[in-house]
Amino acid sequence: MNSEDLLRQALQAARSGRELTARDLFQDVVRIDPDNELAWIWLSGLLDPLEDRITACERVLSINPGNQQIRVYKDRLLKEQNATHHKRVSGIDEKVQQVRWYVEDGKRDEALLFLQKILQEDNNHKDAWLLFASLSVSINDKVRAYEAILQIDSSDQAVREKLKRFKRFQRNPLDLAALYEEDGKLDKALELYRVLAAEAGDGPEFERIYKNIVRLEDAKIENVRHIRPAFNILRLSIGLPLLYILEVLIQEGLNPIRFPAPDLWIGIPMVMFGSFLLAVAGIRSRHAIWKRWFGDPDGKGSNMARVLVAVSGWGMVLTPHLLLVWDSFVRLQTFQVPFIPWVR
Amino acid sequence: MFPLNDTEPNRYSWFPFMTIFLIAMNTFIEVAKPLYLPDDIGMWRYWEFMMHFYYTPKLIIATEGPGIISSFTSMFMHGNFAHLLTNMWALWVFGRRVEDACGAWRFLIFYLLAGISADLLTTLVMYNSPRPGVGASGAIFGVMGAYLLLYPAGRIRTLVILSIVPAWPRIRAGWVVLYFLGVQIIPALTILFSGENYGVGYWAHLGGFFSAVFIFLFLRPEAFARYLSDTPV
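Residues numbered from 1 in each chain as written. Chains lettered and ligands numbered in written order. Predicted model: local features only at pLDDT ≥ 70, side-chain atom pairs only at ≥ 80, totals over all residues. Heavy atoms only, no water.

What follows is about the overall build of chain A. If you tally the helices and strands in chain A, you get 17 helices and 0 strands. Its C-alpha atoms give chain A a radius of gyration of 38 Å, more than 25% over the compact-globule value 20 Å for 344 residues. Principal axes of the C-alpha set define a box for chain A whose edges measure 135 × 40 × 40 Å. Contacts in chain A between residues at least 24 apart in sequence constitute 47% of all its contacts with a sequence separation of at least 6. Entry remark: accessible area of chain A is about 19,900 Å², with carbon and sulfur atoms responsible for 55%. Here chain A contributes 47 positive and 47 negative side-chain charges, whose respective centroids are spaced 6 Å apart. (Helix = DSSP H or I, 4+ residues; strand = E, 2+ residues; numbered from the N terminus. Rg over C-alpha atoms; globule rule 2.2 N^0.38 Å. Contact = heavy atoms within 4.5 Å. Areas by Shrake-Rupley, 256 points an atom, 1.4 Å probe, with all protein chains shown as cover. Lys, Arg positive; Asp, Glu negative; His and termini not counted. Charge placed at Lys NZ, Arg CZ, Asp CG, Glu CD.)

Below is the structure:
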């Protein structure tokens, strides 16, 4: 079939509204006859995307530079192209917003996938990177995101701090999982443990992570409530002072008014504080003590810090107890054992 | 009815260090007692020993004698080997999983608190009693009470002798503990209202048992969260 027959068929198809067939036939025409102005004119309206239509206009103008109508049409297409570019930039904002809606709907995986596509399209979007950092479980991804943000905006101190923090977690990734757990984000912690288990390979490290995975999965299956560490610290701080108060009461013959011993009661705040320190050392959660006393930026306490706090706690708990025992021994010095007939 | 064993496994720890330590301490003190108290020691020296190491409500109220020390020493001493054996057996049966839910150190503190609470209630009820008391049963009743709160559906292999043939079914922990609580109440009330003395610290048992409510101050965070979530601790 020659180009004229093809052109006739293409025109018939275009007039009868069969645009796709027409477009294919016009493309066949220009393949046989690349200088067919009429075919190119039709293609400038039928092709998609916009860039191809502009190319078709340029072909028409190269064949016939005097075609003013096409020149005007080409200018209009160029303006449209510019506008589309601006629209694309603001479109990314909309897409990022859409990602947020996904997150709100609990569709984290979809959100993350969509976000990755957005970042492929435009990797200079700070909000998108921020969102990526917050959604991604992988510590390496977070570090990558924060580094990208700092390349976009190097003055962002908060991001700089976060980058520093996550670089530390790169060295101790289990700490981050523990922090998620502490905040009650079991899913996030579980996901991180799984990522870490995959990275750990075989060996004791894997065993340790695997135990955590099993523990968290059990907790999820059992629907175990999250208890805030502060509440646990408070709860665990009460037992020892209670024991001490009962001891002092017995020492004072259950009558602190008749047999007052203020030196023993002074021990109560000491035991309370010691018990609090023991609870803080035992709970292994973030606490101001770690930050202020030990300069631990994540406020979770190193092993050494915890041992120090626990030893101080025991010291404060045991000192009043030793005083109590001393009081008993002093009393024993003057104790006259009653005669057996005293028993009725 | 005699509890033989707790058939459920541990969840958090693999070995009940503190329970074993307490059993060892109690046993050691009982075994070492003849060194201090030889058979020919004489009545007076034995009495003197009791006044120093056993818990005597009348001395406590009068703030005479060893005071709080006697509460601790009496908690680790027993009248005889049978007394020791039954107490330590019960500590093994009920203590293992309570320790598992608390952790070793917190379990020890709870155990001592239960023992002190037992002495406190004994002193309140029998404030005029010159009879020295001894034994770990107050603390062990505290452990049993804690077991009842934490594992009411747990199964205890229990020796039951209803006729000549003994049986050892797995009975719900709740029933076993409530049985032991039940057999304390009537003698305890008799002591309270008629002043009768059975030579057994029934009020100490009850004091220890009621102190079990404090177990929530000692549970490890995971166990506490499970308890609040209505899932097995």
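Turning next to the overall build of chain B. Summing up its helical and strand segments, chain B has 10 helices and 4 strands in all. Starting at the N terminus and ending at the C terminus, chain B contains elements arranged as β-α-α-α-α-α-α-α-β-β-β-α-α-α. For 233 residues, the compact-globule estimate of 2.2 N^0.38 gives 17 Å, and the C-alpha radius of gyration of chain B, at 18 Å, lies within 12% of that figure. Projecting the C-alpha coordinates of chain B onto the three principal axes gives extents of approximately 55 × 45 × 40 Å. Evaluated residue by residue, chain B yields a buried proportion of 54% over its 233 residues. Total accessible area on chain B is roughly 10,300 Å²; 69% of this is exposed by carbon and sulfur atoms. When the 14 basic and 13 acidic side-chain charges of chain B are each reduced to a single mean position, those positions are 10 Å apart. (Buried < 20%, exposed > 50% of the residue type's maximum accessible area, 1.4 Å probe, protein only.)

Moving on: the packing of helix H9 (residues 157-171) of chain A against helix H10 (residues 173-182) of chain A. All names here are of chain A. At a minimum axis separation of 5 Å, H9 and H10 run at an interaxial angle of 115°. In terms of axis orientation, H9 runs roughly perpendicular to H10. Taken together, the residues of H10 that come into contact with H9 (itself represented by Arg165, Phe166, Phe169, Gln170 and Arg171) are Pro173, Asp175, Leu176 and Leu179. Here the contact of H9 with H10 is composed, by residue class, of 5 nonpolar, 1 polar and 3 charged. (Axes fitted to C-alpha atoms, helices over the stretch in contact; angles between N-to-C directions. Parallel < 35°, antiparallel > 145°, perpendicular 65-115°, else oblique. Nonpolar A, V, L, I, M, F, W, Y, C, P; charged D, E, K, R; others polar.)

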